[in-house]
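Below are the chains, spelled out letter by letter.
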Amino acid sequence: FAGTAGAWLGIDHDRDWVARTEAATGLPATTTTLQTLEALARLRPDKLGLITPFVEEVHARIMDSFAAEGFPVAFDRHLGLSLSREMAGVPPSHIAELIGDCAATGCDAVLTFCTNFRGAEAARIEPAARVRVPLLDSVALTFAEIPSRP
């Protein structure tokens, strides 16, 4: 398992890493970015909302990567953070407000994307808890895949 860096380094970075890891170990491997793309492929949102804690450059590269894979972002918010501990310190209540903002724009799915961001926790807090569109969290998507792997 690897994190979300492939979304700004380029999706092929993750695909190559998975291939090398599987060849070297004989075990299945994945990344958070690839798991997120698989979930988006199943869901096929027309208007994706994206929330990240990242700085503008990283956030923009993530949006470009998702668009190149067929998932353009219709609404986005980012927090401009560059330090992992700052990302982990964002209160879930603030993330919940951002989720609510995304959903209010008419997005048909909202994704929180960062392995050090408390999006899954935020999804249970108002106003996010009232949202009636799928809420995807990159960490939750990755952990949901782990039981199906040997």
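Scroll up for the structure.
Residues numbered from 1 in each chain as written. Predicted model: local features only at pLDDT ≥ 70, side-chain atom pairs only at ≥ 80, totals over all residues. Heavy atoms only, no water.

## Observations regarding the packing of helix H3 (residues 32-43) against helix H8 (residues 138-145)
Two packed helices can be described by the angle between their axes and the distance between those axes.
Phase 1 of the analysis: Two numbers describe how H3 lies on H8: the axes approach to 9 Å, and their chain directions differ by 90°. Considering the angle they form, H3 stands roughly perpendicular to H8. Here Thr32, Gln35, Thr36 and Ala39 of H3 lie close against H8, whose contacting residues are Ser138, Leu141, Thr142 and Glu145.
Phase 2 of the analysis: Grouping the constituent residues of the contact of H3 with H8 by class yields 2 nonpolar, 5 polar and 1 charged. (Axes fitted to C-alpha atoms, helices over the stretch in contact; angles between N-to-C directions. Helix = DSSP H or I, 4+ residues; strand = E, 2+ residues; numbered from the N terminus. Parallel < 35°, antiparallel > 145°, perpendicular 65-115°, else oblique. Contact = heavy atoms within 4.5 Å. Nonpolar A, V, L, I, M, F, W, Y, C, P; charged D, E, K, R; others polar.)

## Some details on helix H6 (residues 92-104)
Phase 1 of the analysis: Across its 13 residues, H6 extends 18 Å between first and last C-alpha, which sits within 8% of the 18 Å expected from 1.5 Å per residue.
Phase 2 of the analysis: For H6, the set of buried residues is Pro92, Ile95, Ala96, Leu98, Ile99, Gly100 and Cys102.
Phase 3 of the analysis: Positioned one or two residues after H6, Gly106 has a phi angle of 100°, which is positive. (Expected span 1.5 Å × (residues − 1). Buried < 20%, exposed > 50% of the residue type's maximum accessible area, 1.4 Å probe, protein only.)

## A look at unusual backbone geometry
Phase 1 of the analysis: Here the amide bond leading from Glu126 into Pro127 is cis, since omega sits at 5°, within 30 degrees of zero.
Phase 2 of the analysis: Structurally, the position occupied by Pro127 is in the loop between helix H7 (119-122) and strand E4 (135-137).

## Section: the pattern of salt bridges
When their charged atoms lie close together, side chains carrying opposite charge are able to pair.
Phase 1 of the analysis: Under the counting rule described, the total for this entry stands at 5 salt bridges.
Phase 2 of the analysis: For the salt bridge of Asp12 with Arg15, the shortest nitrogen-to-oxygen distance reads 3.4 Å. Within this pair, Asp12 and its partner Arg15 are both found in helix H2 (residues 11-25), separated by 3 residues, close to a single helical turn.
Phase 3 of the analysis: You can call Asp12 partly exposed: its relative accessible area is 49%.
Phase 4 of the analysis: On the accessibility criterion, Arg15 (37% relative accessible area) is partly exposed.
Phase 5 of the analysis: The partner of Glu126 in a salt bridge is Arg130, with the nearest N and O atoms 2.7 Å apart.
Phase 6 of the analysis: Assessed through its relative accessible area of 44%, Glu126 is described here as partly exposed.
Phase 7 of the analysis: Arg130 gets classed as exposed once you look at its relative accessible area, which sits at 53%.
Phase 8 of the analysis: Among the charged side chains, a network of salt bridges with common partners joins Asp12, Arg15 and Glu69. (Salt bridge = Lys/Arg side-chain N within 4 Å of Asp/Glu carboxyl O.)

## A look at the side chain of Gln35
Phase 1 of the analysis: Its location among the elements puts Gln35 in helix H3.
Phase 2 of the analysis: Its relative accessible area of 4% is what places Gln35 among the buried residues.
Phase 3 of the analysis: Engagement of the side chain of Gln35 in a polar contact is seen with the side chain of Thr30, the distance being 2.7 Å. (Polar contact = N/O pair within 3.5 Å; in protein donor to acceptor, adjacent residues only side chain to side chain.)

## Thoughts on the nonpolar core
Phase 1 of the analysis: Formed by 37 residues in total, the largest nonpolar core has its most connected members in Ile51, Ile62, Phe66, Ile99, Leu111 and Phe113.
Phase 2 of the analysis: Elements represented by at least two residues in this core include exactly H2, H3, strand E1 (48-54), helix H4 (56-68), strand E2 (73-81), H6 and strand E3 (109-112).
Phase 3 of the analysis: At 5 residues, the largest contribution of residues to this core is made by H6.
Phase 4 of the analysis: Those residues in contact with Ile99 that sit more than four places away from it in its chain are Ile51, Val110, Thr112, Gly119, Ala122, Ala123, Ala128, Val131 and Leu135. (Core = buried A, V, L, I, M, F, W, Y, C linked by side-chain atoms within 4.5 Å.)

## Points about the packing of aromatic side chains
Phase 1 of the analysis: Tallied over the full model, the rule gives 2 aromatic pairs.
Phase 2 of the analysis: Summarising the aromatic geometry, the rings of Phe66 and Phe113 are spaced 5.2 Å apart at their centres and angled 75° between planes, so their arrangement reads as edge-to-face. Of the two residues, Phe66 sits in helix H4 while Phe113 sits in the loop between E3 and H7, which places them 47 residues apart along the sequence.
Phase 3 of the analysis: Of the residues examined, Phe66 reaches a relative accessible area of 0% and is grouped as buried.
Phase 4 of the analysis: With a relative accessible area of 0%, Phe113 lands in the buried category. (Phe/Tyr/Trp six-rings, centres within 6.5 Å; stacked < 30°, edge-to-face > 60°.)

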